[in-house]
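Below are the chains, spelled out letter by letter.
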Amino acid sequence: MTTQQHHVRVAVVQAASIIMEREASTEKAVSLTLQAAEKGARLVVFPEAFIPAYPRGLSFGTKIGSRAPEGRKDWLRYWENAVPVPSETTERLGEAARQAGVYLVIGVIERDNECSGGTVYCTVLFFGPDGTLLGKHRKLKPTASERIVWGEGDGSTLPVFDTPFGKIGSLICWENYMPLARMAMYAKGVQIYIAPTADARDVWQSTIRHIAVEGRCFVLSCNQYVTKDMYPNDLACYDELASSPHEMSSGGSAVVGPLGDYIVEPVFGREDMLIADLDIRDVAYSQLDFDVVGHYARPDVFQLLVNEEKKESVKWLKPTPFA
């Protein structure tokens with residue numbers, strides 16, 4: 001059992017990827033992780049799809065019923081810059097976590113290395129302060145056009161990790177609108193709920209504050225700040241961005257306490273690093289009148305079944321014995 005420490009400083013990194021460049025995005029993440037450690041952070045959080053990019057504004061040349069060759073070129077570039085797990089990239093990130101002495105939670109586009117190799121997933125990676133890759137969470141349901149380029153995760157990657165300063169876990173972006181997914185995290189005792197996102201809308205702030213109150217947990221919401229001039233102009237489908245605004249993602253990263261109040265107000269309009277000091281005892285403080293999986297639960301009425309088995313994508317290849 002991990003010895004409990006009451007206080008922890010966290011860093012929520014609102015920064016843009018070096019779009020479509022795995023190595024450069026990794027080095028930016030390494031540099032910012034070390035900067036966060038210099039500020040005293042012991043938990044460092046990066047946005048959804050930080051390596052190599054959240055491909056906002058791109059369709060990869062797809063329409064219902066057709067795919068353009070130019071879009072396939074951009075897809076190949078995206079795939080080539082995705083992150084196999086494990087790989088040299090994960091080793092580099094783990095070394096940064098070890099050097100900084102922090103827990104590092106970062107969104108990547110993961111390239112499948114278990115089956116065909118042709119599918120990528122929107123994934124969060126968790127690293128310990130010894131550099132160990134603790135585990136990962138794959139997004140269960142890509143939203144809308146994200147389904148064009150990302151596969152679906154399964155229940156085998158819904159981890160919550162015990163740390164000296166509390167239990168940490170993550171759901172990505174609009175997974176946080178899935179009540180049963182949230183309940184699964186609450187049931188595992190999450191205390192620091194990490195919500196990397198690509199959603200900069202005002203209503204997203206209502207979401208993260210609701211989660212904090214509902215789960216009686218800290219919520220660390222982390223988004224990128226991205227402008228159109230950050231995109232490489234040699235994308236095959238670069239003209240798809242013509243009608244996009246200059247500010248592609250305005251940010252809105254924030255830190256919320258277990259009673260739904262901001263610890264750090266949302267930041268818009270710039271890259272930034274949000275620093276917050278959390279007292280994990282605030283979780284118990286907030287649970288006097290409400291504990292969603294404790295005294296306020298009704299397991300005699302409601303039950304949640306979570307299938308945490310790994311999806312067998314190649315099950316059909318297994319031989320069936322003849323009678």
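Just so it is clear, the model here is predicted, and its values are computed rather than measured. (Residues numbered from 1 in each chain as written. Predicted model: local features only at pLDDT ≥ 70, side-chain atom pairs only at ≥ 80, totals over all residues. Heavy atoms only, no water.)

Peer 1: Could you give an account of the environment of Gly117, naming the residues involved and the relevant values?
Peer 2: In this structure, Gly117 sits in the loop between β6 (103–111) and β7 (120–127). The exposure class assigned to Gly117 is buried, which follows from its relative accessible area of 14%. Separated by 16 residues in the primary sequence, Gly117 and Leu133 place their C-alpha atoms 21 Å from one another. Aside from chain neighbours lying at most four places away, what touches Gly117 is Trp79, Arg111 and Asp112. (Helix = DSSP H or I, 4+ residues; strand = E, 2+ residues; numbered from the N terminus. Buried < 20%, exposed > 50% of the residue type's maximum accessible area, 1.4 Å probe, protein only. Contact = heavy atoms within 4.5 Å.)

Peer 1: Explain the UniProt feature "domain: CN hydrolase" (unreviewed entry) in the chain to me, using residue names and the numbers behind them.
Peer 2: Under the UniProt annotation, "domain: CN hydrolase" (unreviewed entry) lies at residues 8–280. Between the end C-alpha atoms of residues 8–280 the distance is 8 Å, and the span holds 24% helix and 32% strand. (UniProt positions renumbered as here; feature names shortened; annotations may be inferred.)

Peer 1: Just give me the short version of the side chain of Thr26, but keep the residues and values in it.
Peer 2: As for its position among the elements, Thr26 is in helix α1 (residues 22–38). Among the residues examined, Thr26 registers a relative accessible area of 4% and is labelled buried. Within the structure, Thr26 has its side chain in polar contact with the backbone oxygen of Arg22 (distance 2.7 Å). Other than its neighbours up to four places away in sequence, Thr26 contacts Ile51, Thr89, Arg92 and Leu93. (Polar contact = N/O pair within 3.5 Å; in protein donor to acceptor, adjacent residues only side chain to side chain.)

Peer 1: Provide a residue-level description of the side chain of Arg138, including the pertinent values.
Peer 2: Mapped onto the secondary structure, Arg138 falls in strand β8 (residues 133–138). Setting aside chain neighbours within four positions, we find Arg138 in contact with Glu110, Glu114, Tyr121, Cys122, Thr123, Gly153, Thr157, Glu175 and Lys310.

Peer 1: Pulling in residues and values, what's your account of the pairing of strand β1 (residues 7–14)?
Peer 2: Most of β1 sits out of view: six of its eight residues are buried. Bridge count for β1 against strand β16 (residues 272–279) is eight bridges, and the pairing is antiparallel. Opposite Gln14, over in β16, you have Asp272 as the bridge partner. Judged from the three bridges that link them, β1 and strand β2 (residues 43–45) form a sheet pairing that is parallel. Within the sheet, the bridge partner assigned to Ala11 lies in β2 and is Val44. Handedness of the crossover joining β1 and β2 through α1 is recorded here as right-handed. (Pairing = 2+ DSSP bridges. Right-handed = clockwise from strand over helix to strand, strands pointing away.)

Peer 1: Please give an account of the environment of Ala100 that cites residues and values.
Peer 2: Locating Ala100 in the fold gives a position in helix α3 (residues 88–100). Residues Ala100 and Lys228 lie 128 residues apart in sequence; the distance between their C-alpha atoms is 32 Å. Contacts of Ala100, omitting those with residues within four sequence positions, involve Thr33, Leu34 and Ala37.

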